[in-house]
Amino acid sequence: MDISSLMGFDPLLRNLHYILEATDDNTTGNKSNNSGPSRAYVRDARAMAATPADVKECPNSYVFIVDMPGLKSGDIKVQVEHDNVLVISGKRNREEEKEGVKYVRMERRMGKFLKKFALPEDANTDKISAICQDGVLTVTVEKLPPPEPKKPKTIQVQVA
């Protein structure tokens, strides 16, 4: 079954399929072809699609949970861009090959990973914590306290 027949009715999935399957014509150095996405865009789209995450909203915070098996804290980078975009990125490197040892099967994903989240307006970007335990990264973004409701202003009506 052709994957394009499965995605024929959903333009978002069709575009995602196009991005992920795009050929890297830009590797030839020919900059006159601007019809397709850039190589960096395709690389980032692949990294984002291959990095699943769960997001929970709690009463006082937002919690982002990403599986990161086998990674050390130095391999993971958590930052905030443009004051409201949470970016989780890093790189999983392949083990150095030992002499006389060869892979029979290699299924674990290696390379860069990336995930971006647009934070809501009530997210406090000054109070973010990240913990990686047992291969699971948990990033907690505290919420700002709700603004105090404005009291109605009473205007005295004068009689003329």
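Predicted model only: the values in this text are computed from it and were never measured. (Residues numbered from 1 in each chain as written. Predicted model: local features only at pLDDT ≥ 70, side-chain atom pairs only at ≥ 80, totals over all residues. Heavy atoms only, no water.)

A.B. asks: Help me understand the pattern of salt bridges, please; the structure alone is not making it clear to me.
C.D. replies: Side chains bearing opposite charge may pair, as long as their charged atoms lie close to each other. Tallying each qualifying case throughout the model produces 1 salt bridge. With a shortest N-O distance of 2.7 Å, K143 and E57 are connected by a salt bridge. Within this pair, whereas K143 is found in strand β7 (residues 136-143), its partner E57 is found in strand β1 (residues 53-57), the two being separated by 86 residues in sequence. Residue classification places E57 among the exposed residues on the basis of a relative accessible area of 58%. (Salt bridge = Lys/Arg side-chain N within 4 Å of Asp/Glu carboxyl O. Helix = DSSP H or I, 4+ residues; strand = E, 2+ residues; numbered from the N terminus. Buried < 20%, exposed > 50% of the residue type's maximum accessible area, 1.4 Å probe, protein only.)

A.B. asks: When you look at the sheet that holds strand β2 (residues 61-67) in this model, what are you seeing that I'm missing?
C.D. replies: Taken together, 4 strands build an open sheet; the order of strands is β1-β2-β7-β6 and the sheet is antiparallel. Every interior strand has two partners, whereas the edge strands, β1 and β6 (123-133), have only one. Strand after strand, the sheet turns through a mean of 15° between neighbouring axes, direction not considered. Across 5 bridges, the pairing between β1 and β2 is antiparallel. (Pairing = 2+ DSSP bridges. Axes fitted to C-alpha atoms, helices over the stretch in contact; angles between N-to-C directions.)

A.B. asks: Which parts of the structure should I look at to understand the sheet that holds strand β5 (residues 111-118)?
C.D. replies: In sheet architecture, strand pairing relies on hydrogen bonds along the backbone and comes in two forms, parallel and antiparallel. As summarised here, the arrangement of the 3 strands in space is β3-β4-β5, forming an open sheet in which the pairing is antiparallel. Both edges of this open sheet fall to β3 (76-81) and β5, since each of them pairs with a single strand only. In this sheet, neighbouring strand axes are inclined to one another by 15° on average, regardless of whether the strands run parallel or antiparallel. Note that strand β4 (residues 85-92) and β5 share 8 bridges and pair antiparallel. Opposite V85, over in β5, you have A118 as the bridge partner.

Spatial relationships are all this shows, so hold off on functional conclusions.
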